[in-house]
Structures are given as structure tokens and as C-alpha cells.
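Spelled out, the chains give:
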Amino acid sequence: MAPPMSADSFLDALLGEGLTIVQVGAWRTHNRNHKGPWGPVHGVMIHHTATSGTADTVRLCRDGYQGLPGPLCHGVIAKDGTVHLVGYGRANHAGLGDDDVLRAVIAETALPPDDEANTDGNPHFYGFECENLGDGKDPWPQVQLEAIERAAAAVCRRHGWGAPSVIGHLEWQPGKIDPRGFTMSSMRTRIAGRLA
Ligand SMILES: [Zn+2]
């Protein structure tokens, strides 16, 4: 059970991990807190955007779209490794997922299959949307993968979590495929190495 860190602490953690940050508008107070809880937080969720073009991607993640209002994450990790902060607080990114997975994340044990959509993940996960088409062909530049590693590690370090607290959307919600193009187990290995 951890309360979310403050927006300033979140920014400080990311900067402290060596990331390049762009602060978009009033990101600190752009959230969905009026629609439900934010916290307790238990982990970090990684996504791909299925979009291309950083400006359009950041705008979409900040504003959302018809039927899914933004913010759609906290930070957008662009192909050049820059992290664009678009919101802070409850965000529409995790959606309904598997309570067994949430329990495994809390315990930092091996993940069970995500075969239920019975639990709202939006209170419980920090979310990073990563700019990629998600078609299995769009490349993931090394600088972007390193930024994902650093961003996830930054949050874990502040909360005293290990790499098993970082999951992909595809490990949370049945039917989701993101992120596609690298494995979450490989990313967790990188994060664990950084945290060590
Ligand atoms: Zn996703």
C-alpha cells in the first residue's frame, strides 16, 4: 500500500534517473481524479501508442479521444527517448485487468496469465505510453528502450519496488498486445540491472 508520490517527486525522480523531460501544459493537475481513486499505487505499466509522430502522439495522450478522455498516461516516451509529461493523477491507461495479476505485482511474484478483466487498474499503476506503431515492424530505438528502462526504474526506486512491479498492458488486460516489439521480461531484466 503506497500513496502516489507528488507530481514534484515524480518529476524529480525522472530527472534523477537522467531522463530528458518535456513538461506539457498544466500536467501536474491534468487527471481523472474526479472520476475515481488515484492510489494506492502498486506498479508501473508500459504501453505502445499505435501512433507515429511525436507531436501528434503527445497531443493524443494528453487530450484523449471521443469515448476515452485524457490523460491516457503520465508520461509519453518518444522515439528519441524524451519523456513528455502529459498528466498526473488518475489517468485512463490501464483499464480493467486481472486481480490475480495485481496481487502478483504487489507481491512481486511470477505473473499469472491475465484471463480476467475484473479490476480497475487506473488507481494502481503509473503509466508510460511509448511512441510506436505496435505493428511488429516499427523499430524501437535504443535511446527509447533506455528511456523506458530509466523511467520505470525511477518510479520503482522512489517506492522501493523491484523490477517485478513493472508490467506491460498485455500482461494486465486480456486482448491487449502492447507493448509489442520487445519483451517485458527483457525490459524487467534491464530495470533490475539499473536498480541493482
Ligand atoms: Zn495500452
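Structure: see above.
The structure contained in this document is the topic of the report that follows. Predicted model, so just to flag it, every value in this text is computed and none were measured.

## Here's the deal with the side chain of Asp138
Turning to step 1, where the next piece is worked out: Checked against the element boundaries, Asp138 lands in the loop between strand 9 (125–130) and helix 4 (142–159).
Turning to step 2, where the next piece is worked out: Accessibility expressed as a relative area gives 17% for Asp138, which makes it buried.
Turning to step 3, where the next piece is worked out: At 2.8 Å, the side chain of Asp138 and the backbone nitrogen of Leu133 are in polar contact.
Turning to step 4, where the next piece is worked out: With residues up to four places along the chain from it excluded, the contact list for Asp138 reads Lys79, Asn132 and Leu133.

## Examining the packing of aromatic side chains
Turning to step 1, where the next piece is worked out: A full pass over the atoms with the stated rule returns nine aromatic pairs.
Turning to step 2, where the next piece is worked out: Summarising the aromatic geometry, the rings of Trp38 and Tyr88 are spaced 5.9 Å apart at their centres and angled 85° between planes, so their arrangement reads as edge-to-face. Linking Trp38 in the loop between strand 1 (21–23) and strand 2 (43–48) with Tyr88 in the loop between strand 6 (83–85) and strand 7 (96–97), this pair joins segments that are 50 residues apart in sequence.
Turning to step 3, where the next piece is worked out: By way of ring pairs, the aromatic residues Phe10, Trp27, Trp38, Tyr88, Tyr126, Phe128 and Trp161 are connected into one cluster.

## Focus: the coordination of the zinc ion
Reference values for angles at a metal are 109.5 degrees in the four-donor tetrahedral case and 90 or 180 degrees in the six-donor octahedral case.
Turning to step 1, where the next piece is worked out: For the zinc ion, every protein donor is listed as His47 (ND1), His169 (ND1) and Asp178 (OD), and the spread of their distances is 2.0 to 2.1 Å.
Turning to step 2, where the next piece is worked out: Every donor residue of the zinc ion comes from the same chain, spaced as H-x121-H-x8-D. Of the two residues, His169 and Asp178, neither departs from the other in class, the shared state being buried.

## Points about the environment of Thr109
Turning to step 1, where the next piece is worked out: Relative to the helices and strands, Thr109 resides in the loop between helix 3 (99–107) and strand 8 (119–120).
Turning to step 2, where the next piece is worked out: Thr109 sits in the partly exposed class, given a relative accessible area of 44%.
Turning to step 3, where the next piece is worked out: Measuring from C-alpha to C-alpha, the distance between Thr109 and Val86 comes to 31 Å, with 23 residues separating the pair along the chain.

## What to know about the layout of surface pockets
Turning to step 1, where the next piece is worked out: By volume, the largest pocket is sized at about 410 Å³.
Turning to step 2, where the next piece is worked out: Taken together, 20 residues make up the lining of the largest pocket; nearest its centre are Tyr65, Leu68, Glu129, His169 and Lys176.
Turning to step 3, where the next piece is worked out: For the lining of the largest pocket, the elements supplying multiple residues, two or more each, are strand 2 and helix 2 (54–63).
Turning to step 4, where the next piece is worked out: Its residues assigned to classes, the lining of the largest pocket shows eight nonpolar, nine polar and three charged.

## What to know about the pairing of strand 2
Turning to step 1, where the next piece is worked out: Of all the six residues making up strand 2, six are buried; the element is thus mostly covered by neighbouring parts of the structure.
Turning to step 2, where the next piece is worked out: Going residue by residue along strand 2, you find Gly43, Met45 and His47 tucked away on one face and Val44, Ile46 and His48 tucked away on the opposite face as well.
Turning to step 3, where the next piece is worked out: Pairing geometry for strand 2 and strand 9, over six bridges, is parallel. Among the inter-strand pairings, Met45 is bridged to a residue of strand 9, identified as Gly127.
Turning to step 4, where the next piece is worked out: Examined bridge by bridge, strand 2 and strand 10 (residues 166–168) share three bridges and lie parallel to one another. When the bridges of strand 10 are listed, Met45 appears paired with Ile167.

Thresholds applied
- Residues numbered from 1 in each chain as written.
- Predicted model: local features only at pLDDT ≥ 70, side-chain atom pairs only at ≥ 80, totals over all residues.
- Heavy atoms only, no water.
- Helix = DSSP H or I, 4+ residues; strand = E, 2+ residues; numbered from the N terminus.
- Buried < 20%, exposed > 50% of the residue type's maximum accessible area, 1.4 Å probe, protein only.
- Polar contact = N/O pair within 3.5 Å; in protein donor to acceptor, adjacent residues only side chain to side chain.
- Contact = heavy atoms within 4.5 Å.
- Phe/Tyr/Trp six-rings, centres within 6.5 Å; stacked < 30°, edge-to-face > 60°.
- Donors = N, O, S within 2.8 Å, 3.2 Å for Na, K, Ca; no water.
- 1 Å grid on protein atoms, 1.4 Å probe; cavity = no way out; pocket = protein on both sides within 12 Å on 5 of 7 lines; lining within 4 Å.
- Points joined across faces, edges and corners; volume = space filled by probe spheres on them.
- Nonpolar A, V, L, I, M, F, W, Y, C, P; charged D, E, K, R; others polar.
- Pairing = 2+ DSSP bridges.

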